[in-house]
Amino acid sequence: MSEELYKEMAQSIIDGDSDISTELAKKSIELNMHPLDSITKGFVIGVNYIGDQFGKGEAFLPELVMAGEAMKAAVAVLEPELIKLGGAREMMGRVVLATVEGDIHEIGKTLVGTMLSASGFEVVDLGVDQPADKIIGKALEINADLIGMSALLTTTMVRQREVIEELDKEGLRPRIKVMVGGAPITRDWVTKIKADGYSEDAIGAVKIAKELVGKADQ
Amino acid sequence: MEKLKFLSDDDVKRIHNATLRILNEVGYVWTHKQSLEILTGAGCKVKGNRVYFPPELVEDSIQKAGKRTAIRGRGGVTKTLGDGNLYFHNLGGARDIYDAKTGGHRIAELQDVRDSTRLLDALENCNTITPFFTPQDVPGELMSLAMYRHALPFTTKPLQGPGVQYGPETKFAVQMAEVIGNPKEVLTLALSPVSPLTIPDHEAEAVIEIARAGVAFGALPCPTAGATGPMTISGSIAQQNAETLAVVILAQLVNPGLPIIYCGRLAMMEPRLGSSVWGGVELALASAGTIQIGHHYGFPVNVYGFSTNAHVLDAQDGFERGLNAAIPALAGADELSGIGEMEAGVMGSYAQMVLDNELADSIQRLRRGFSADEDALGVDVIAAIMDGSRNFLGQKHTMKYLKAGEVQLTKLAERNSWETWERKGKQGMVERAVDEAERILREHQVEPLEPQQEKELDTIMAAAEKELVKKR
């Protein structure tokens, strides 16, 4: 019975259907299934599948976004139950995300946030146009493991370096790891500014984030 | 020649009406106080962080706007967008440079801004020049200004300003233009509002600054259909139109009659990657649609023409930019952008510039079409040769039309036999383009600025650095 339901849960994510994923999450609670099982044996399987498909060039980006949204909807139903049971979903790590100062492009960054959440990270997304001190301040406040920064413009990507320099000056690395992204970002740039990781897309970002928090195998 | 049309008159009206609805009912994210005061003073409503534009104001601003844009180079040549001709200019803002000789690429620096400008100065089909590369050896705050400053000495052609984002940037760009002439005559500036339907405060400030300076203005929204615009070409054209008109309205309220260049940069999202497709033929369709809308209002229109996603000068590069240049040209574009572009605007190359210069010849030839009048039909000539030589080689009619350009001659494209081609060294078109770019860069000299002008530009850059570069 629950096996069947797990499959439906995964499918609802693959279909990107938030209504059905919400409904299945509610149903699992009525059936007294453990919320953690619903997440890890059901919904996450769907996220992983669509992520793999995207990585192979066989799924579209909008499918990935819709899968992320469907995952969020299911987790929103299950999380309160999990807390009631005295448990919590084991977090992969805490991440502060932001688009750097002077730049207000955030579609890619928001998608990274969605995929990180869907994969078990706790994400604080500061939004756009964020100066170094705000980003670092928030990272300290929530005791973040990771800072993720995006920039779309060649004129604003230089700000990523400022944040890293500031972190180094304060002696906050390697405690806080830094990953960067955005259209103009290249591996050369990442090496030059001494960031810890980068990815060209949201699925790769999840992989890098897991590596950076030492949980590459999960 | 009849213009190529993809939209019926009804379609154009529907897109216009959709635009009015977007501006009036959906609104535009706009928080810059000073410009909001100007807009509300003209009848716009503000609710939350959005501004709503009444249709009458939209129509009125379109009507008021200047429909011809002239820009003069320091060499004295003036180019007027909207005079019925098709002009070409280059891509602006590439990060990398592709080395066609080695097949490698690297980050562009200031010297590349200088060299690319000098090369484009020599290419006869590049009618105006935009500073090409974003030099990574300059602080971000000064990048746009440095591009303009270091392009100025290396061309006498009309030089468009760099893309600006900030009010102070605009101020310094205008000051630099003053060094070579009246900014109203020697400068144009462009600015990209953020899609969907958002203008950051500093950009609104820059629009006011541009309008006050009386500098011809191109709003350059860059929606990506499926990501920052609707998935449909028509829906994204309507959104792009709203994004353009909103800033045109502000510019016209600040300076009625300010000349406007209607620009389109609409591209599709590659759904498997999330990136922009500059090489697909949808770009040509979107550009052609954009031209119809801009022309409906009477604006001169600038769209992408030479564009590709390719990383090397290969078949993909050739067919993508060929199609993407031809379609908008036939749709009546006033200006095609993109000379030298590669990798969806991320990269540029000298060999590509030379290749595009040749492609531009073919595009102009396409636009010229062909005559079908009595003389061109040449029935008398046909009759004459049938009674004589039975071929047309010795006919005056033949030479007359050859001289008039009935056959476009090529410089780089190969038309010889295998044997001749082999004997001449078996070069491909790309290799010939590489050689030609090298030759031009070796030989082509541009009349320098006066020492006094150089000094003035340096002074302005120093002031800009003092005001704009953040203390680190």
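Our structure's up above, just so we're on the same page.
Residues numbered from 1 in each chain as written. Chains lettered and ligands numbered in written order. Predicted model: local features only at pLDDT ≥ 70, side-chain atom pairs only at ≥ 80, totals over all residues. Heavy atoms only, no water.

1. So, the overall build of chain B
The secondary structure content of chain B amounts to 18 helices and 19 strands. Against the globule reference of 23 Å for 472 residues, chain B gives a C-alpha radius of gyration of 23 Å, in line with a compact fold. In terms of overall dimensions, chain B has a C-alpha envelope of 80 × 55 × 45 Å along the principal axes. In chain B, which comprises 472 residues, the proportion classed as buried is 55%. Once local pairs closer than 6 in sequence are excluded, the contacts in chain B between residues at least 24 apart make up 76%. Of the side-chain charges in chain B, 48 are positive and 60 negative, and the distance between the mean point of each set is 2 Å. (Helix = DSSP H or I, 4+ residues; strand = E, 2+ residues; numbered from the N terminus. Rg over C-alpha atoms; globule rule 2.2 N^0.38 Å. Buried < 20%, exposed > 50% of the residue type's maximum accessible area, 1.4 Å probe, protein only. Contact = heavy atoms within 4.5 Å. Lys, Arg positive; Asp, Glu negative; His and termini not counted. Charge placed at Lys NZ, Arg CZ, Asp CG, Glu CD.)

2. Some words on the sheet that holds strand β2 (residues 45-47) of chain B
All names here are of chain B. If you walk across this open sheet you meet the four strands as β2-β3-β1-β10, and the pairing is mixed. Both edges of this open sheet fall to β2 and β10 (198-199), since each of them pairs with a single strand only. Bridge count between β2 and strand β3 (residues 50-52): three bridges; the pairing is antiparallel. Looking across to β3, one finds that Lys 45 is bridged to Tyr 52. In the packing of helix α1 (residues 9-26) onto the sheet, contacts are made with β1 (28-30) and β3, and the angle to β3 comes to roughly 125 degrees. (Pairing = 2+ DSSP bridges. Axes fitted to C-alpha atoms, helices over the stretch in contact; angles between N-to-C directions.)

3. As for the environment of Pro 271 of chain B
Note on placement: Pro 271 of chain B falls in the loop between β14 (267-269) and β15 (276-277). Judged by relative accessible area, which is 23%, Pro 271 of chain B ranks as partly exposed. Remark: the alpha-carbon pair of Pro 271 of chain B and Tyr 52 of chain B, spanning 219 residues in sequence, is separated by 32 Å. With residues near it in sequence (within four places) discarded, Pro 271 of chain B still touches Phe 54, Ala 59, Phe 60, Leu 61 and Pro 62 of chain A.

4. Examining the environment of Ala 70 of chain A
Residues and elements named next belong to chain A. Looking at the element boundaries, Ala 70 is found in helix α4 (residues 61-84). We classify Ala 70 as buried; its relative accessible area is 0%. Put simply, Ala 70 and Ser 12 are 58 residues apart on the chain and 7.4 Å apart in space, counted from C-alpha to C-alpha. Apart from residues lying up to four places away in sequence, Ala 70 is in contact with Ser 12, Ile 13, Gly 16, Asp 17, Ser 18 and Ser 21.

5. Details of the packing of aromatic side chains
Residues and elements named next belong to chain B. For the structure on display, the rule yields 10 aromatic pairs over all chains. Between Phe 132 and Phe 133, the aromatic rings sit 4.5 Å apart at their centres with planes inclined by 45 degrees, giving tilted as the arrangement. Exposure class is identical for Phe 132 and Phe 133. Each is buried. Here the aromatic residues Tyr 28, Trp 30 and Phe 53 are joined through ring pairs into a cluster of three or more. (Phe/Tyr/Trp six-rings, centres within 6.5 Å; stacked < 30°, edge-to-face > 60°.)

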